[in-house]
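As a plain string of letters, each chain reads:
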Amino acid sequence: MIEVNSVRVGYDDVRAVDDVSFAIDDGEGVVLAGANGSGKTTLVRTFNGLVSPDIGTVRVDGTPVHENPAAARQAVSMVFQHPRDGIVAATIGADVAFGPENLGCDRAEIDRRVDRALSAVGLDSRHEDRVDALSGGERARVAIAGALAMEPTHLVLDEPFSGLDEPSRRSLLSHLLELRRDGTSLVIVTHDLRDLGALADRVLVLANGHLMADVPPEDAADPLSKFDVRVPTGWPGSEGGRDSGSLEREPGRSP
Ligand code: ADP
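None of these values were measured; they are calculated from a predicted model. (Residues numbered from 1 in each chain as written. Predicted model: local features only at pLDDT ≥ 70, side-chain atom pairs only at ≥ 80, totals over all residues. Heavy atoms only, no water.)

## Side note on the packing of aromatic side chains
Rules: Each Phe, Tyr or Trp ring, with Trp reduced to its six-membered ring, pairs with another whose centre is within 6.5 Å; inter-plane angles below 30 degrees give stacked pairs, above 60 give edge-to-face pairs, and intermediate values give tilted ones. Each helix is a run of DSSP H or I of at least 4 residues and each strand a run of E of at least 2, with the numbering of both proceeding from the N terminus. Only protein chains enter the accessibility calculation, which uses a 1.4 Å probe; a residue is then buried when its area is under 20% of its type maximum, exposed when over 50%, and partly exposed in between. Lysine and arginine charges are scored as sitting over a ring when NZ or CZ, respectively, is within 6 Å of the ring centre and within 35 degrees of the ring normal.
Enumeration according to the criterion identifies one aromatic pair in this entry. Ring centres of Phe22 and Phe47 lie 6.3 Å apart, and the angle between their planes is 70°; this geometry places the pair in the edge-to-face category. On the criterion of sequence distance, the pair formed by Phe22 in strand 2 (residues 14-24) and Phe47 in the loop between helix 1 (40-45) and strand 4 (55-60) is long-range, its members being 25 residues apart. With respect to burial, Phe22 and Phe47 carry one shared label: buried. Residue placement shows Arg45 over the ring face of Phe80; its charged tip is 4.4 Å from the ring centre.

## With respect to the environment of Pro236
With respect to the helices and strands, Pro236 occurs in the segment after helix 7 (221-226). Note: C-alpha distance between Pro236 and Gly183 (53 residues apart in sequence) is 22 Å.

## Digging into the sheet that holds strand 4
Stated formally: The rule for pairing is simple: two strands pair if DSSP sees at least two bridges between them.
Reading across the sheet, the four strands line up as 2-1-4-5 and stay open at both edges, with antiparallel pairing between neighbours. The open sheet has two edge strands, strand 2 and strand 5 (63-64), and neither has a second partner. Note: strand 4 against strand 5, two bridges, orientation antiparallel. Counted as the bridge partner of Val60 is Thr63 from strand 5.

## Section: the site of the ligand
Put simply, the rule reads: It suffices for a single heavy atom of a residue to lie within 4 Å of a molecule or strand for the residue to be listed as near it. By the criterion applied in these results, polar contacts are pairs of N or O atoms within 3.5 Å in which, for protein atoms, one can donate a hydrogen and the other can accept it, and in which residues neighboring in sequence qualify only through two side-chain atoms. When residues are sorted by character, Ala, Val, Leu, Ile, Met, Phe, Trp, Tyr, Cys and Pro go into the nonpolar class, Asp, Glu, Lys and Arg into the charged class, and all the rest, Gly among them, into the polar class.
Near the ligand, the surroundings consist of Tyr11, Val14, Ala16, Ala35, Asn36, Gly37, Ser38, Gly39, Lys40, Thr41 and Thr42. A distance of 2.8 Å separates an oxygen atom of the ligand from a polar side-chain atom of Lys40. The separation between an oxygen atom of the ligand and a polar side-chain atom of Thr42 is 2.5 Å. Secondary-structure elements contributing two or more residues to the shell around the ligand are strand 2 and helix 1. Among the elements that make up the shell around the ligand, the one with the highest residue count is helix 1 (three residues). Class assignment of the residues belonging to the shell around the ligand gives a composition of four nonpolar, six polar and one charged.

Remember that the coordinates give geometry; whether it matters functionally is a separate question.
Set out below in structure tokens:
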């Protein structure tokens, strides 16, 4: 569980995150939306100590992040925009193995984690492929597999769809939906909400560093449009019905 209590983060004169509180349970799917500059990236960086709050506390599984940042980094894996910046090895298998190697796992455990993570993003048996020959969508999936190999309880994805073409975006979406079904909690930071109604139990809306809404997707259309996030056609609860397309919300799954 991630608990954010009265967190404030400032940069010089800007209050990037201001008095924000919420909690994310294990297994939940949360979309964090807001206009550019609303504080989304700063906020999620407090989840594993990449950014320290000036005021307030973030706890991961009950322990304040500042007391044990290493444990927070293990429980909360993050994938940032521009995944190629995060690629560290020449082949897919070596890249995904990097995290568990640093955790000190033995070879058998590393192999198990790499196989599992690659399978979760549809890259089974691609261990030996060179990373520099991959498409943008495949690189995004390698970055996610690298985060999954840490076997986190929460996976945070910051703008995972930016720079992806439409087939890559749809492929990544369906892999994320599978991860969600398998019980990984997802926090997706985005201003592109297309098809995300299927992944979200809750939508958090940030504006000027403040949390303006924390609601189920079907109640999110109003606050989203009020705070400058485009509500896609077919968003749950908005005109045109629930999120459309080939991605369907898991039956019976609710917060
Ligand atoms: P978002 O992810 O919603 O675009 P950010 O968290 O990146 O928002 O930024 C929130 C505010 O903090 C913006 O006004 C941004 O300019 C400012 N900001 C973000 N990172 C820094 C930084 N490293 N130094 C100074 N200001 C920053």
